[in-house]
Amino acid sequence: MKLLKTKAGLKGTLTVPADKSISHRSIMFGAISHGKTTIHNFLRAEDCMSTVAVFKELGVKIKEVGQDIHVEGVGFQQLKAPNKNLDAGNSGTTMRLVLGILAGQPFHSQISGDASLNRRPMERVMGPLRSMGGELQGQEGSEFPPIDIQGKKLSSITYEMPIASAQVKSAILFAALQATGTTKIIEKEKSRNHTEEMIKQFGGTISVNDKTITVPGGQQLTGQEVTVPGDISSAAFYLVAASLIAGSDLHLKHVGVNPTRTGILDVLKEMGADIVETAIDQKNQAADLAIKAAPLKGVAIGGEIIPRLIDELPIIALAATQAQGTTVIRDAQELKVKETNRIDATAQELNKLGANVEPTEDGLIIHGPTKLHGGVVDSHGDHRIGMMLQITALLTEETVELTNPEAINISYPNFFTDLASLI
Ligand code: S3P
C-alpha cells in the first residue's frame, strides 16, 4: 500500500489504543481470580484477541458488554482441559505467560502460534518452569513451539534471571502463585512490572525490593475492575512523528506512564524533544502528553534503560536518522528475537530509504541527519516495523510503499485512520 504523507505536521488531539501488555494480563488475572472482572478500555487487537480465545478454550466465560469486557473468573482450580491445540497467534506474551499458568494445571495441553511465534525462543520460560516441577516440551531441542505441557503440582524456586524479560518473569510469577512455598525472582534489569502490580490489585501478596521479587504460593485472587490506560508503545510513533515534523502540535490523552515503560520519554527528552506531561492520573499511572517539533541530537542508549524502551527502539532509530550526530544503541540483543529480527529489519528498511544505519551484535549505530527518499519497504510481518515505516514515509517527498501492512493489526488496527485524522 501507498503510505500517508503530510506537509504541515501532526496537529490535534488523539486517544491512543489501550495498553497491550495490561490488556493481556487483565484477561489472565480475570480468569485465575474468583468472581467477576470488568475491563474498561480493553485493546481489541489481534494479539489480545489471541489471549481471549485461549482462555475461552480453557473454559472461562468472557463477554463483551457494551464497551467493556466481563470475565467470569474460575480461579486456578477450575480451568478446563482444552479440546484442541491452543493458538497464541503472533503473541509472545500470550504464549509465555500462559505457559506459567498451564504448568501448574492438572491436565495436558498444547500451545503453538503463527510462523513467527513458532520461531521464537521458549526455553527461557520452560527452564525455570521445569525447575518448579512442570513438564514442558517443545520442538527442535525443545526451544520452539508447539509446546506440550503436562501440568504438575509446582514447588517454589529462587531464580536469578539471565535475561531482562517481563514475559519470563511473569510466567514464573503465574506459576509461583500456584506453587507450594515462596518463590524469589532476582531480575537482571528491572522490566515492565504490570504482573506484579496486578497481583496486588487482585488482592494478592507480593513484595518487591529493587530487583528482588518475593511471592508466596497457594494464593487466591479476587476479580476486580480494571481500566486500561493508553499504550505508550503506540503513542511512541506519534511522539517521534510530531518531534520530527515542523509545525506539529499534538496532544495525546491518557497515555500509560508506568516508570518501567517510559524509557522513550527519557531518551527523546535527552535528544532535545519538546514533550510535556499534564493531567497526571496517579491511580491508573497515566498522563496526557503534549508534543511540539524540536531539533534533535544523537545520544547513547544502553544498560538499564533498554527494557524500559525495548519495543520503541525501531521508532527511536528513525528519530536518530534525523538527529544531529551519531546515536549508538547497545545491550539490545533481545531485539533479534522479537516478532522479527528488529536489528536487521530496522537497518535494512531505513537504509532502503536513504538512512545510514549500521546493525551491530547488540543494537544499532545511526548517523544523522540524513535526507530520506521514497521507495518500497516491507514490514517483515512485524507491527512495530510497519508503523515505524509509515512514520518514515511522512518525512519523504516521494511516495513510500509498504508491503505486508496488515501486520499492524497485531497491536493497532486503527493506526492509519488515527494518523490520517492528525495530518
Ligand atoms: C512484554 C514484554 C516484552 C515486550 C513485549 C511485551 C510483556 O518482551 O517486548 O512486547 O507484555 O510482558 P520480553 O519480556 O521478551 O522482553
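Presented here is a report on the structure given in the accompanying data block.

Reading the values: rules and limits
- All residue numbers refer to position in the chain's written sequence, counted from 1.
- For this predicted model, a pLDDT threshold of at least 70 governs which residues receive local features, and a threshold of 80 or more governs which side-chain atom pairs are given and counted, while totals over whole chains, interfaces and linings are taken from all residues.
- Only hydrogens and water are set aside; all other atoms, that is, all heavy atoms of the structure, feed into the side-chain values.
- Consider each residue's heavy atoms; a residue with any of them within 4 Å of a molecule or strand counts as near.
- Residues adjacent in sequence count toward polar contacts only when both atoms are side-chain atoms; beyond that, a polar contact is any pair of N or O atoms within 3.5 Å, and within protein one must be able to donate a hydrogen and the other to accept it.
- Shrake-Rupley sampling with a 1.4 Å probe provides the accessible areas, and residues are treated as covered by the protein chains on show and by no other component.
- A 1.4 Å probe that fits into a set of points on a 1 Å grid over the protein atoms alone but cannot get out defines a cavity; an open set with protein on both sides within 12 Å along at least five of seven lines defines a pocket, and lining residues are those with an atom within 4 Å of a point.
- To decide whether a molecule occupies a pocket or cavity, check its atoms: if more than half lie within 2 Å of the grid points, it is inside.
- Strands here are runs of E lasting at least two residues and helices are runs of H or I lasting at least four, both read from the DSSP assignment and numbered beginning at the N terminus.
- Aromatic rings from Phe, Tyr and Trp, with only the six-membered ring used for Trp, were paired whenever their centres fell within 6.5 Å, and each pair was classed as stacked if the ring planes differed by under 30 degrees, edge-to-face if by over 60, and tilted otherwise.
- Only when the NZ atom of a Lys or the CZ atom of an Arg is both within 6 Å of the ring centre and within 35 degrees of the ring normal do we say a charge sits over the ring.
- Remark: exposure states derive from per-residue accessible area (1.4 Å probe, protein chains only) relative to the maximum for the residue type, with buried under 20%, exposed over 50%, and partly exposed in between.
- Here, a strand pair is defined by DSSP locating no fewer than two bridges between the strands.
- Pairs of residues are marked as contacts when any of their non-hydrogen atoms sit within 4.5 Å.
- Angles shown run from 0 to 180 degrees and are taken between the N-to-C directions of axes, each axis being a line fitted to C-alpha atoms and, for helices, limited to the stretch in contact.

Some details on the site of the ligand
Lining the immediate environment of the ligand, one finds Ser-21, Arg-25, Thr-93, Arg-96, Ser-165, Ala-166, Gln-167, Arg-192, Ile-310, Asp-311 and Lys-338. Between an oxygen atom of the ligand and a side-chain N or O atom of Ser-165, the distance comes to 2.7 Å. The backbone of Ala-166 places a nitrogen or oxygen atom 2.9 Å from an oxygen atom of the ligand. Considering the ligand on its own, with 390 Å² of exposed area, one finds that the protein chains cover 95% of that surface. Under a 2 Å grid-point criterion requiring more than half of the atoms, the pocket assigned to the ligand is the largest pocket. Secondary-structure elements contributing two or more residues to the shell around the ligand are helix H1 (20-32), helix H3 (92-102) and helix H5 (166-178).

As for the packing of aromatic side chains
Taken as a whole and assessed by the stated rule, the structure comprises seven aromatic pairs. Put simply, the rings of Phe-237, Tyr-238, Tyr-412, Phe-415 and Phe-416 touch in pairs and so form one group of aromatic residues. The ring of Phe-144 is capped by Arg-119, whose NZ or CZ atom sits 4.4 Å from the centre of that ring.

Focus on the environment of Gln-333
Turning to its location among the elements, Gln-333 is positioned in the loop between strand E19 (325-329) and helix H10 (342-352). For Gln-333, a relative accessible area of 40% corresponds to the partly exposed category. Here the alpha-carbon distance between Gln-333 and Arg-44, two residues 289 residues apart in the chain, equals 30 Å.

Observations regarding the sheet that holds strand E6 (residues 108-112)
A sheet is described by the order of its strands in space; here four strands give the open sequence E5-E6-E8-E7, paired in mixed fashion. Every interior strand has two partners, whereas the edge strands, strand E5 (86-87) and strand E7 (135-139), have only one. The pairing of E5 with E6 spans two bridges and is parallel. Residue pairing for E6: Asp-87 is matched across the bridge by Ser-112. Lying on the sheet, helix H4 (residues 123-131) is in contact with E7 and strand E8 (144-150); it crosses E7 at an angle near 155 degrees.

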